[in-house]
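# Chain and residue survey
Letter by letter, the chains look like this.
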Amino acid sequence: DAEAAVVRDMGTRLEQLFVRFAADEKDVLFVDPYVAPGDHTGCAPAAQRWTAGHVPDDGFAYHPTALGHEVMARMIEAALGS
């Protein structure tokens, strides 16, 4: 649990930096998948997992799963309005 908390904290801080820097740029559309409700981490059930865990069963460790790519693509399409 302590190690998971460290990783979550690192992810939260990175996400905050991405949002801050994107907000500083003009003409940048930033889509933030971290604000989506629910647990979509590598620890979530496979049907809800947007990112693979340490031992991936879909894709590469610590990278988006096929579902993660699909969901993020839909979020981008919605943000672009097409």
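Before going into details, it helps to say that this report is about the structure given with it. None of the values given here were measured: they were computed from a predicted structure.

### Description of the overall build of the chain
- Along the chain, the regular secondary structure elements total two helices and zero strands.
- Overall, the C-alpha framework of the chain stretches about 40 × 30 × 20 Å when taken along its three principal axes.
- The buried share of the chain, reckoned over its 82 residues, is 16%.
- Taking contacts inside the chain between residues at least 6 apart in sequence as the whole, the part at least 24 apart equals 13%.
- A total accessible area of about 6400 Å² is found for the chain, and carbon and sulfur atoms account for 62% of it.
- Taken as two groups, the 6 positive and 13 negative side-chain charges of the chain have centres that lie 4 Å from each other.

### Brief notes about the environment of Val71
- Relative to the helices and strands, Val71 resides in helix α2 (residues 66-80).
- Once the C-alpha coordinates of Val71 and Pro33 are considered, the two residues, 38 residues apart in sequence, prove to be 8.6 Å apart.

### Things to note about the packing of aromatic side chains
- According to the stated counting rule, one finds zero aromatic pairs in the structure shown.
- Over the ring of Phe21 we find Arg20; its NZ or CZ atom is 4.7 Å from the centre of that ring.

### Comments concerning the side chain of Thr65
- Relative to the elements of secondary structure, Thr65 occurs in the loop between α1 (2-24) and α2.
- Among residues more than four places away in sequence, those in contact with Thr65 are Arg49, Trp50, Thr51, Ala52 and Asp58.

Conventions used here
Residues numbered from 1 in each chain as written. Predicted model: local features only at pLDDT ≥ 70, side-chain atom pairs only at ≥ 80, totals over all residues. Heavy atoms only, no water. Helix = DSSP H or I, 4+ residues; strand = E, 2+ residues; numbered from the N terminus. Buried < 20%, exposed > 50% of the residue type's maximum accessible area, 1.4 Å probe, protein only. Contact = heavy atoms within 4.5 Å. Areas by Shrake-Rupley, 256 points an atom, 1.4 Å probe, with all protein chains shown as cover. Lys, Arg positive; Asp, Glu negative; His and termini not counted. Charge placed at Lys NZ, Arg CZ, Asp CG, Glu CD. Phe/Tyr/Trp six-rings, centres within 6.5 Å; stacked < 30°, edge-to-face > 60°. Lys NZ or Arg CZ within 6 Å of the ring centre and 35° of its normal.

That is the geometry; function is a separate question.
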